[in-house]
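The residues making up each chain are set out below.
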Amino acid sequence: MSIFEYNGSALVAMVGKNCFAIASDRRLGVQLQTIATDFQRIFKIHDKLFLGLSGLGSDAQTLHQRLVFRHKLYQLREERDMKPETFASLVSAILYEKRFGPYFCQPVIAGLGDDDKPFICTMDSIGAKELAKDFVVAGTASESLYGACESMFKPDMDHEELFETVSQALLSSVDRDCLSGWGGHVYVVTPTEVTERILKGRMD
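Residues numbered from 1 in each chain as written. Predicted model: local features only at pLDDT ≥ 70, side-chain atom pairs only at ≥ 80, totals over all residues. Heavy atoms only, no water.

(A) Representation of the state of the cysteines within the structure. Counted under the stated rule, the structure contains zero disulfides. Left without a disulfide partner, Cys105 is nearest to the cysteine sulfur of Cys121, which lies 14 Å away. The exposure class assigned to Cys121 is buried, which follows from its relative accessible area of 0%. (Disulfide = S-S within 2.5 Å. Buried < 20%, exposed > 50% of the residue type's maximum accessible area, 1.4 Å probe, protein only.)

Next comes the structure, spelled out in structure tokens:
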């Protein structure tokens, strides 16, 4: 078993019309044994920028703390919030810095940039970015998430339709992966509000 699959995870980010959704499962396991069913994988950096970290749970928490620290320094120096594109470059640089002993994480970054244009991207454990205009996925359930998102995604969805689509894609995908699941955690972000919802899924 790969170290990236040790704790299990499922992450997806999807864009809509001037909004985006980012969702994850809630399971923390040690291989096939479930340890917790309320594990947090999505972190708020500021009101219009969210970070999801799949992979090894302990590395995800360490990396999150480092990124929050770097973002606070940026806010103090620049007196503004970081743009999503800038934050993606920061995450990439921090991961590449540790390429010989990497953080075993695959980040998913989602945010609203200039003119409230949604930005999503993912990267591997050494910071190689993959940009997308529709959706990005990461974690042990990524293969089934690709299929579900590919068939369900439509361009220019409003925030309610986007929530419905990303939730259905997540729940149907984690049912096909025994290392992730136990419900879902969804954030839908528009220029004016952030909606957080917990999904109930199969508890097995």
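(B) Region of the structure containing the pattern of salt bridges. Under the defined criterion, the tally for this structure stands at eight salt bridges. Between Lys48 and Asp116 there is a salt bridge; the shortest N-O distance is 3.1 Å. A residue pair is termed long-range when its members are at least 10 positions apart, and Lys48 in the loop between β5 (42-46) and β6 (49-55) and Asp116 in the loop between β7 (105-112) and β8 (118-123) qualify at 68 residues. Residue Lys48 is classed as partly exposed on the basis of its relative accessible area, which comes to 28%. The residue Lys154 makes a salt bridge to Glu161 at a minimum N-O spacing of 2.5 Å. The class of Lys154 is partly exposed, set by a relative accessible area of 43%. (Salt bridge = Lys/Arg side-chain N within 4 Å of Asp/Glu carboxyl O. Helix = DSSP H or I, 4+ residues; strand = E, 2+ residues; numbered from the N terminus.)

(C) Geometry of the packing of helix α3 (residues 142-152) against helix α4 (residues 159-174). At a minimum axis separation of 9 Å, α3 and α4 run at an interaxial angle of 145 degrees. Taken as a pair, α3 and α4 cross one another with a handedness that is right-handed. Judged by residue contacts, Ser144, Leu145, Ala148, Cys149 and Met152 of α3 engage Thr165, Gln168, Ala169, Leu170, Ser172 and Ser173 from α4. A breakdown of the residues in the contact of α3 with α4 according to their chemical character gives six nonpolar, five polar and no charged. (Axes fitted to C-alpha atoms, helices over the stretch in contact; angles between N-to-C directions. Left-handed = near helix turned anticlockwise from the far one by under 90°. Contact = heavy atoms within 4.5 Å. Nonpolar A, V, L, I, M, F, W, Y, C, P; charged D, E, K, R; others polar.)

(D) Representation of the sheet that holds β8 within the structure. If you trace the five strands from one edge of the open sheet to the other, you get β5-β6-β7-β8-β9, paired in antiparallel fashion. What marks the edges here is a single partner per strand, and that holds for β5 and β9 (129-132). Taking each pair of neighbouring strands and ignoring which way they run, the sheet shows an average axis angle of 20 degrees. Pairing of β7 with β8 involves five bridges; the strand directions are antiparallel. Along β8, the bridge assignment pairs Val108 with Thr122. The strands touched by helix α1 (residues 57-78) within the sheet are β5, β6 and β7, with β6 carrying the most contacts at an inclination of about 155 degrees. (Pairing = 2+ DSSP bridges.)

(E) Here's a closer look at the packing of α1 against helix α2 (residues 84-97). Interhelical geometry of α1 versus α2 gives an angle of 130 degrees and a closest axis separation of 11 Å. In terms of their interaxial angle, α1 and α2 are classed as oblique. The chirality of how α1 crosses α2 is right-handed. Note on element contacts: α2 touches α1 through Phe87, Leu90, Val91, Ile94, Leu95 and Glu97, opposite Leu63, Arg66, Leu67 and Arg70. Classifying every residue of the contact of α1 with α2 gives seven nonpolar, no polar and three charged. (Parallel < 35°, antiparallel > 145°, perpendicular 65-115°, else oblique.)

(F) Just the environment of Tyr6, in detail. For Tyr6, the position within the fold is in the segment before β1 (10-15). Taking the relative accessible area as the measure of exposure, Tyr6 reaches 29% and is therefore partly exposed. A sequence separation of 26 residues divides Tyr6 from Leu32, and the C-alpha atoms of the two residues are 8.6 Å apart. Apart from the residues lying within four places of it in its own chain, the contact partners of Tyr6 are Met1, Gly29, Val30, Gln31 and Leu56.

(G) Region of interest: unusual backbone geometry. Phi is positive for Gln31, which is not a glycine, with a value near 55 degrees. Among the structural elements, Gln31 can be located in the loop between β3 (28-30) and β4 (33-36). For Asp116, which is not glycine, the phi torsion reads 55 degrees and is therefore positive.

Any link to function would need more than the numbers given here.
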